[in-house]
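Residue-level structure breakdown
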Amino acid sequence: MSLRKFPENFLWGAATAAYQIEGAWDEDGKGESIWDRFTHRQHTILNGDTGDVACDHYHRMPEDVALIKELRLNSYRFSISWPRIIPQGRGDVNEKGLDFYDRLADKLLEAGIAPSATLNHWDLPQAIQDAGGWPNRDSADWFAEYARVVFRRLGDRVAMWSTHNEPWVLAFLGYAYGIFAPGIADYSQAYQTAHHLLLAHGKAVQAFRAEGGSGEIGIVLSFGHYLPASDSSADRAAAQRVYENNSALFLQPLFKGSYPEMLFDWIGSHAPKIQEGDMEIIRQPVNFLGVNYYTTETISFAQWGGLLKHVSQPVSAPGWGRTEMGWGVNPAGLLAVLLDIKENFGSPKIYITENGCALKDTPDASGFVADWGRVNYLRDHFMAAHDAIQQGVDVRGYYVWSLMDNFEWAHGCAPRFGLVRVDCETQERIPKQSALWYSEVIAGNAVQE
Ligand code: FCB
């Protein structure tokens, strides 16, 4: 048993997203978001759940910050709801919305917790969707304008900004498969969305620099580790296509200023319209890359497997089963993803902005959850991050998904990802075993193997 020490000043945090925790969906002047519209439609979300109330964080924020402090986290990643700030997406600013995040930033700083804010964790104002949504190029400018409003108000206190969370998920689950809001199934709109999200990112980074922002700015991407199911050339090519579509589609324009050629050949007329100068805007220097990692998958060629002609299977390392999401567990996949970024995309500074698992939590009579499975999951993933640091990857922080049980998008309220249990009836917060264990990790800045 050895002790794995992390670098000094390492950030240990937890992450959440506005729609998943805030509730108060139509309070204090907030506008409707595409997630409000989507969840209010029948049969979009398991069990008909919505985020109308979620964890009621909008009303319980001071108590939640106290909890973050009690658990000794030194950073907290949250997202800002665009329709809370600009209810119609463009035009009038809702001061009460800004006030909420202003109070949150102050409370965090008072408690010695570094705020890390994401500007877009998917809850686009419905009014922008009504004007065409992300496939409409103007959305990039409207986003940059919203970003500017937020930078002006919070830029003196928030030291870490992310433009988007997981643009792949937003573009493909939202616009190609119709599983997430806004529920559109159209590959061309999805690729155009991906391009406009990147453009919006670049323009927001430009706005940040123009405002003289003193903090850091970056973007959060989702990463899977993709392995060909066999050595056949068809499986290897399919795995490469999935990698290009899910990872390189974003990494390559951001860090190299170009799109993956083989992928664009494959998707043909679905490729996005790109204007002159776009790639330079997208390739703005960023201060960091946020890495969200959950899964490793094998990829096989499949004649009937959609546009990319593939099917995927979850991979678990020996001894691991699947999580409640049906996802495999493979900590080595995190190391592989981090090494790929280091070797092929210029070794940016990295925060692991999300990693965690939904497990079947069984509370005891007092409401306490002894989630040793989550402890083991986190320990092994922390060690993979530690391996990466030893191999020269510049990892500066780790945010567990999630601070507390919350609304898990199309899966509704059933999956429990939290370090802290939230009782759905009473909203009571009870730290799980994993939270207590994590607190010790943070205190020692080390993981015991
Ligand atoms: C990520 C999302 C996050 C949460 C986790 C489980 O894709 O960014 O909001 O849903 O998955």
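This structure is a prediction, so every number in the text was calculated from the model and none was measured. (Residues numbered from 1 in each chain as written. Predicted model: local features only at pLDDT ≥ 70, side-chain atom pairs only at ≥ 80, totals over all residues. Heavy atoms only, no water.)

Side note on the overall build of the protein chain
Looking only at helices and strands, one finds 15 helices and 13 strands in the protein chain. What you see for the protein chain is a C-alpha radius of gyration of 21 Å, in line with the 22 Å of a compact globule of 449 residues. Taking the principal axes of its C-alpha atoms as reference, the protein chain extends roughly 55 × 55 × 45 Å. The buried share of the protein chain, reckoned over its 449 residues, is 61%. In the protein chain, once contacts between residues fewer than 6 apart in sequence are set aside, the share between residues at least 24 apart is 75%. With the model as given, the accessible surface of the protein chain reaches about 16800 Å², and the carbon-plus-sulfur share is 49%. A distance of 2 Å separates the average location of the 38 positive side-chain charges in the protein chain from that of its 55 negative side-chain charges. (Helix = DSSP H or I, 4+ residues; strand = E, 2+ residues; numbered from the N terminus. Rg over C-alpha atoms; globule rule 2.2 N^0.38 Å. Buried < 20%, exposed > 50% of the residue type's maximum accessible area, 1.4 Å probe, protein only. Contact = heavy atoms within 4.5 Å. Areas by Shrake-Rupley, 256 points an atom, 1.4 Å probe, with all protein chains shown as cover. Lys, Arg positive; Asp, Glu negative; His and termini not counted. Charge placed at Lys NZ, Arg CZ, Asp CG, Glu CD.)

A look at the site of the ligand
Around the ligand, a shell composed of Gln 20, His 121, Trp 122, Asn 165, Glu 166, Tyr 294, Glu 354, Trp 401, Glu 408, Trp 409 and Phe 417 is seen. Glu 166 has a polar side-chain atom sitting 2.5 Å from an oxygen atom of the ligand. For the ligand, whose accessible area on its own is 300 Å², the fraction buried by protein is 94%. The residue inventory of the shell around the ligand, partitioned by class, reads 5 nonpolar, 3 polar and 3 charged. (Near = heavy atom within 4 Å. Polar contact = N/O pair within 3.5 Å; in protein donor to acceptor, adjacent residues only side chain to side chain. Nonpolar A, V, L, I, M, F, W, Y, C, P; charged D, E, K, R; others polar.)

Description of the pairing of strand E5 (residues 160-165)
Most of E5 is tucked away: 6 of the 6 residues are buried. Where strand E4 (residues 114-120) and E5 come together, 4 bridges link them in parallel fashion. Residue pairing in the sheet places Asn 120 in a bridge with His 164 of E5. With 4 bridges connecting them, E5 and strand E6 (residues 216-228) associate as parallel partners. Paired with Met 160 across the strands is Glu 216, a residue of E6. (Pairing = 2+ DSSP bridges.)

Re unusual backbone geometry
Here the amide bond leading from Ala 181 into Pro 182 is cis, since omega sits at 5°, within 30 degrees of zero. With respect to the helices and strands, the residue Pro 182 is situated in the loop between helix H8 (167-175) and helix H9 (187-210). Ser 402 follows Trp 401 through a cis peptide bond whose omega is 10°. By the element assignment, Ser 402 lies in the loop between strand E10 (395-401) and strand E11 (420-422).

Side note on the packing of aromatic side chains
Any pair of aromatic rings gets described here by the distance separating the centres and the angle formed by the planes. Going through the model one piece at a time under the given rule, you end up with 38 aromatic pairs. Ring geometry for Trp 12 and Phe 382: centres 5.2 Å apart, planes at 55°, overall tilted. Here Trp 12, found in strand E2 (residues 11-15), pairs with Phe 382, found in helix H14 (residues 372-390); they are 370 residues apart in sequence, far enough to count as distant. Since its relative accessible area comes to 0%, Phe 382 is described here as buried. Ring centres 4.5 Å apart and planes at 45° place the aromatic pair Trp 122 and Trp 409 in the tilted group. Taken together, the residues Trp 122 in the loop between E4 and helix H6 (126-130) and Trp 409 in the loop between E10 and E11 connect sequence positions 287 residues apart. (Phe/Tyr/Trp six-rings, centres within 6.5 Å; stacked < 30°, edge-to-face > 60°.)

Quick word on the pattern of salt bridges
If you walk through the whole model with that rule in mind, you get 29 salt bridges. One salt bridge connects Asp 99 with Arg 153, and the closest N-O pair in it is separated by 2.6 Å. Of the two residues, Asp 99 sits in helix H5 (residues 95-110) while Arg 153 sits in helix H7 (residues 138-154), which places them 54 residues apart along the sequence. A relative accessible area of 27% means that Asp 99 is categorised as partly exposed. (Salt bridge = Lys/Arg side-chain N within 4 Å of Asp/Glu carboxyl O.)

Overview of the packing of H14 against helix H15 (residues 433-444)
Interaxial distance between H14 and H15 falls to 8 Å at its minimum, and their mutual angle equals 35°. Handedness of the crossing formed by H14 with H15: right-handed. Across from Trp 372, Arg 374, Val 375, Leu 378, Arg 379 and Phe 382 in H14, the residues of H15 making contact are Gln 433, Ser 434, Trp 437, Tyr 438 and Val 441. Among the residues forming the contact of H14 with H15, the class breakdown is 7 nonpolar, 2 polar and 2 charged. (Axes fitted to C-alpha atoms, helices over the stretch in contact; angles between N-to-C directions. Left-handed = near helix turned anticlockwise from the far one by under 90°.)

Remarks on the side chain of Asn 292
By secondary structure assignment, the location of Asn 292 is in strand E7 (residues 288-301). Accessibility expressed as a relative area gives 1% for Asn 292, which makes it buried. Here Asn 165 takes part through its side chain, which lies 3.2 Å from a polar atom of the side chain of Asn 292. In contact with Asn 292, other than residues within four places in its own chain, are Arg 77, Asn 165, Glu 166, Val 220, Leu 221, Ser 222, Phe 223, Thr 353 and Glu 354.

Topic: the environment of Arg 84
Summarising the element assignment, Arg 84 is placed in helix H4 (residues 82-85). A relative accessible area of 1% places Arg 84 in the buried class. It is 7.0 Å that separates the C-alpha atoms of Arg 84 and Gly 29, two residues lying 55 residues apart in sequence. In contact with Arg 84, other than residues within four places in its own chain, are Glu 22, Gly 23, Ala 24, Glu 27, Lys 30, Tyr 58, Asn 94, Gly 97 and Tyr 101.

Regarding H8
Burial analysis of H8 places 9 of its 9 residues in the buried class, the great majority of the element. Restricting attention to buried positions, one finds in H8 the residues Pro 167, Trp 168, Val 169, Leu 170, Ala 171, Phe 172, Leu 173, Gly 174 and Tyr 175. Tucked inside the fold, the buried residues of H8 contact E4, H6, E5, H9, E6 and helix H10 (233-256).

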